[in-house]
Every structure is written in structure tokens, then in C-alpha cells.
Amino acid sequence: MRDLASDKMEEIQVESPIIGKLASDPHMDRVAFSSHNSIWVIDRRASTEKSVGHIPKAHEEIVTSIDFNPNRQNTILSSSQDRTLKVWDLRRPELPILI
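On a predicted model such as this, the values are computed, not experimentally measured, just so you know. (Residues numbered from 1 in each chain as written. Predicted model: local features only at pLDDT ≥ 70, side-chain atom pairs only at ≥ 80, totals over all residues. Heavy atoms only, no water.)

J.: Looking at this structure, how should I read the packing of aromatic side chains?
T.: In this description, an aromatic ring pair is defined by two values, namely the gap between the centres and the angle between the planes. Across all of its chains, the model carries one aromatic pair by this definition. Ring centres 6.2 Å apart and planes at 5° place the aromatic pair phenylalanine 33 and tryptophan 40 in the stacked group. The two residues phenylalanine 33 and tryptophan 40 agree in class, both being buried. (Phe/Tyr/Trp six-rings, centres within 6.5 Å; stacked < 30°, edge-to-face > 60°. Buried < 20%, exposed > 50% of the residue type's maximum accessible area, 1.4 Å probe, protein only.)

What follows is the structure, given as C-alpha cells:
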């Protein structure tokens, strides 16, 4: 990933080389993307060590859609081929807040 402001490259290791869906946070300088059944969130304002959030095995199958809630900060919605729709609070991503 390239930091356009400083022209630095950052590498993030994911379990699958395929990046599925991508979403941009309307409230903060963050992006989220899916890789197989996991969700990754990158906060471009944070230091490198804290810039990446990860929800491993967010779904049983491939994530088909992700999006940030435009009306509520720190909330992301995901859907999957496993026929589930989940709402996540990124401050506590251990469990979805709604399935």
C-alpha cells in the first residue's frame, strides 16, 4: 500500500492474496477490505503498529460486501456467501453486534 502523502510503501500480509471488497470510512481516514472470510481495516492516521485492524474469520464463507455506516462512526456492515449479514463495532470487533 502506498502512502501518497509521503510516497512510502507499506506491506500488509493477508492470508489470501485476493482482495475482495473495499470500503472507505466517511467519518475517518480509514479503509476496509475483505480477504476471503476476513475483514481488514487500515487507519491511515495511526502509527504503523496500530494502523491495521483485523477481524479474522468474520464469516464462514467469502465476504461478498462490506461498508461503513454513514450515520454511525466505528460501525461496519458485512455480508457473506454464508448467507449472513453482520454489523461490527470496530472498537470491539471480537463479536458482531448484530447477526
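J.: It is not clear to me how the sheet that holds strand β9 (residues 85–89) should be interpreted in this structure. Could you clarify?
T.: Either a parallel or an antiparallel arrangement is found when strands of a sheet pair, and the pairing is made through backbone hydrogen bonds. Taken in spatial order, the three strands of this open sheet run β7-β8-β9, and their pairing is antiparallel. The open sheet terminates on both sides in strands that have one partner only, identified here as β7 (63–68) and β9. Between one strand and the next, the sheet's axes are offset by a mean angle of 20°, whatever the strand orientation. The sheet contact formed by strand β8 (residues 75–80) and β9 spans five bridges and is antiparallel. Its bridge partner being in β9, threonine 75 is matched across the sheet by aspartate 89. (Pairing = 2+ DSSP bridges. Helix = DSSP H or I, 4+ residues; strand = E, 2+ residues; numbered from the N terminus. Axes fitted to C-alpha atoms, helices over the stretch in contact; angles between N-to-C directions.)

J.: How do you make sense of the pattern of salt bridges when you look at a structure like this?
T.: Side-chain pairs of opposite charge can arise where the charged atoms are in close proximity. Applying the stated rule across the entire model yields three salt bridges. The partner of arginine 30 in a salt bridge is aspartate 25, and the shortest N-O contact between them spans 2.8 Å. With its nearest N and O atoms 3.0 Å apart, the salt bridge here joins aspartate 89 to arginine 91. Look at arginine 91 and you get exposed, because its relative accessible area is 54%. Where salt bridges share partners, they join Asp89, Arg91 and Arg92 into one cluster. (Salt bridge = Lys/Arg side-chain N within 4 Å of Asp/Glu carboxyl O.)

J.: Sorry if this is basic, but what is going on with the sheet that holds strand β6 (residues 52–55) here?
T.: Taken in spatial order, the four strands of this open sheet run β3-β4-β5-β6, and their pairing is antiparallel. Two strands bound the open sheet, and with one partner strand each, they are β3 (22–24) and β6. Taking the axes of each pair of neighbouring strands and ignoring which way they run, one obtains an average angle of 15° across the sheet.

J.: Where do I start with the nonpolar core in this structure?
T.: Grouped burial of nonpolar side chains is what soluble globular proteins tend to show. With twelve residues, the main nonpolar core is built from Ala23, Ala32, Ile39, Val41, Ile55, Ala58, Val63, Ile66, Phe68, Ile76, Trp88 and Leu90. At the level of secondary structure, the elements contributing two or more residues to this core comprise β5 (38–43) and β7. A total of three residues in this core trace back to one element, the largest contributor, which is β7. (Core = buried A, V, L, I, M, F, W, Y, C linked by side-chain atoms within 4.5 Å.)

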